[in-house]
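The residues making up each chain are set out below.
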Amino acid sequence: MDPRDTAQPDATMNEADTAPVTATATASGSESPAEAAPRTISRSAQRRAIKAAAEAAALLRECDPADLIATGDLCDQCATGLGFLQPGEEPKRNADISPDRRCGFCLGVLADYKELAQAVLDRICAPGREFSDTHYRLELMLPRAIAYRRRLFLQRFKDRGIDYSYEVRREFTRLTEPIFEAALGKKYKVDGPLHFIVQMSHETDKELPNKLPRAEGEPSLREVKRARKATKPAQLGREQTISLVVDGVKPVPFPLPPVTTRPTVSHHVVRRDPIFVGGRYLKLARGVAQSLWLICGQPKTVNSVQQCIGAFFKEAARADDVLLVAAGREDADVRMLGNGRPFFLEIQGARNLEFDPIAVAAKINETHAGLVQVSRMRWVSKAECKMVKVGEELKAKQYSCLVWARGVEQETIDRVNAMKGIVVNQSTPTRVLHRRVNIVRPKTINWVSISRLSEEFFRVDLETQAGTYIKEFITGDIGRSTPSLASLLGTPTDILELDVTNVQLDWPPRFEAAPKAS
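What you see is a predicted model, and the numbers here were worked out from it, not measured in a lab.

Attention now moves to the packing of helix α5 (residues 113–124) against helix α7 (residues 168–184). At their nearest, the axes of α5 and α7 sit 10 Å apart, and the two run at 45° to each other. On the basis of the axis angle, α5 is oblique to α7. Crossing geometry of α5 relative to α7 is assigned as right-handed. For the pair α5 and α7, contact is made by Tyr113, Lys114, Leu116, Ala117, Val120, Leu121 and Ile124 and by Phe172, Leu175, Thr176, Ile179, Phe180, Ala183 and Leu184, respectively. The residue makeup of the contact of α5 with α7, split by class, is 12 nonpolar, one polar and one charged.

With respect to the element layout, Ala95 can be found in the loop between α4 (76–81) and α5. A relative accessible area of 86% places Ala95 in the exposed class.

With that out of the way, let us pick up the sheet that holds strand β5 (residues 194–201). If you trace the four strands from one edge of the open sheet to the other, you get β4-β3-β5-β6, paired in mixed fashion. This sheet does not close on itself; its edge strands, each paired only once, are β4 (187–188) and β6 (264–272). Lying over the sheet, α5 contacts β5 and β6, oriented at roughly 50° with respect to β6. In the packing of α7 onto the sheet, contacts are made with β3 (135–141), β4 and β5, and the angle to β3 comes to roughly 140°.

Of all nine residues that make up strand β7 (residues 275–283), eight are buried, and the element is covered over most of its length. Looking at chain direction, β7 and strand β11 (residues 335–348) are connected through eight bridges and run antiparallel. Within β11, the position partnered with Val277 by the bridge is Leu345. As judged from the seven bridges shared by β7 and strand β12 (residues 372–380), these two strands associate in the antiparallel manner. Its bridge partner lying in β12, Arg280 is registered against Ser375.

Where β3 meets β4, two bridges bridge the pair, whose relative direction is parallel. Bridging across to β4, Tyr136 finds its partner in Tyr188.

Take the confidence of the model for the protein chain next. Of all residues in the protein chain, 77% attain a pLDDT of 70 or more, and the chain-wide mean is 82. Counted against residues more than four places away or in other chains, residues 1–39, with its pLDDT under 50, gives 35 contacts. Counted against residues more than four places away or in other chains, residues 232–250, with its pLDDT under 50, gives 43 contacts.

Within the secondary structure layout, Thr173 lies in helix α7. Among the residues examined, Thr173 registers a relative accessible area of 14% and is labelled buried.

Under the 1.5 Å per step criterion, the end-to-end length of helix α10 (residues 305–317) is 18 Å for 13 residues, consistent within 8% with the ideal 18 Å. Among all positions of α10, only Val305, Cys308, Ile309, Gly310, Phe312, Phe313 and Ala317 are buried.

Across all of its chains, the model carries nine aromatic pairs by this definition. Here Phe105 and Phe153 contribute two aromatic rings whose centre-to-centre distance is 5.1 Å and whose plane-to-plane angle is 85°, an arrangement assigned as edge-to-face. Here the residue Phe105 occupies a position in the loop between α4 and α5, and Phe153 occupies one in helix α6 (residues 144–156), the gap between them amounting to 48 residues. In terms of burial, Phe105 and Phe153 fall into one category: buried. Taken together, a centroid distance of 6.0 Å and an interplanar angle of 65° make the contact between Phe276 and Phe344 edge-to-face. Linking Phe276 in strand β7 with Phe344 in strand β11, this pair joins segments that are 68 residues apart in sequence.

Cut-offs used in this document
- Residues numbered from 1 in each chain as written.
- Predicted model: local features only at pLDDT ≥ 70, side-chain atom pairs only at ≥ 80, totals over all residues.
- Heavy atoms only, no water.
- Axes fitted to C-alpha atoms, helices over the stretch in contact; angles between N-to-C directions.
- Helix = DSSP H or I, 4+ residues; strand = E, 2+ residues; numbered from the N terminus.
- Parallel < 35°, antiparallel > 145°, perpendicular 65-115°, else oblique.
- Left-handed = near helix turned anticlockwise from the far one by under 90°.
- Contact = heavy atoms within 4.5 Å.
- Nonpolar A, V, L, I, M, F, W, Y, C, P; charged D, E, K, R; others polar.
- Buried < 20%, exposed > 50% of the residue type's maximum accessible area, 1.4 Å probe, protein only.
- Pairing = 2+ DSSP bridges.
- pLDDT = per-residue confidence, 0-100.
- Expected span 1.5 Å × (residues − 1).
- Phe/Tyr/Trp six-rings, centres within 6.5 Å; stacked < 30°, edge-to-face > 60°.

Below, the structure written as structure tokens:
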């Protein structure tokens, strides 16, 4: 019992007010009602309980939508969208409404949509943000206060025929679409590649709780979503889902205090969906990494394939960044010969799409002759780019290496050349053991061809499964790769040069794909 229940009565209370009221409480377990201890409730505690019940009833009192329309708590768009006014019906307003009063549902977003649209344009049309796309899409994040008020309206009028499907964001997008199209010179499209993300805020956001309080035992929004996923849509529709959520919200004062200020644009992001260009590259010199290789913040090599290729496409597309993704990678001291390694470029934030990948490739080949060359450059789609990563793990690759070994008989060479499908168990190489997990990887050597160059030097050509460590297969890596060429020849070996001669992946596709600039 609250200690305040037994406090001394006020001087204004009469004797009847302070007289205790005795009630019998039934004990649990094996005790009978006769054995239960009596419970005393004072009249002051009764009055407090009655007052609390009255306040709760006042919060739940009926509220007529017509009153909200008359006082300006609902604008014409929201009143019509929520179903409280018929389309074209003239609302009845009080004569003393302040001109600064904003809608209690949308906070003035719809009434002031032109001013807000101009504020958005001032942000996203800054110098240097000219994009050549023909379509855009807008992602609008409204103030938290609007979502809070929407929940309250749904709770209050769920039995008054309110339209659950009405959303301020969708209505704002519809109203501002002609304004944005005229100013940007682009058409609105739900999946447009040019993406404008705009966040609005309101001064009442900071006064809101993190989430609406729920009555004890009522389902949370996450629980309702889980129930919806586990139920067929026909059994649990959108209105039922929302109803389940709003039924659990504890009553709060309604209508809310009037609003006189409109939201402001607080944050914005301009983002263009990446475009993709595919091709094959040759690395004709050693000492060139595939991507920028940094150790302690310092570049390990002077050039990289990504720098040589990406810089030209970044300039041509006026992009923010360019990423190179290839079907595997070779070490910096390994050349990539033959028909080249398949790769694609992910061009992020491209502002110019009117460039020819073949013309850019010609500039690369002219500038980096004898270092890096590209071929078969063309536009590719995001879905087609998956072929590169799949081929990295599944396709066979061919290599050519210069090997040193002593005392190798021709009979031994012929015996090794006749072997097919050699399964090699390779533990993580010692040279990369500091950054990779130590596991055993079984790989297959499809064939090996050894030709003698001199008494101690040999040219070794071989075809292997993707992901095979060639250097370790040649040397044996102190017994961590078994069998190895050293164990097959019966003598220590060392690899002096290594080249990749073929990656068996038909890339890029044989047809010209249009750029994704819709």
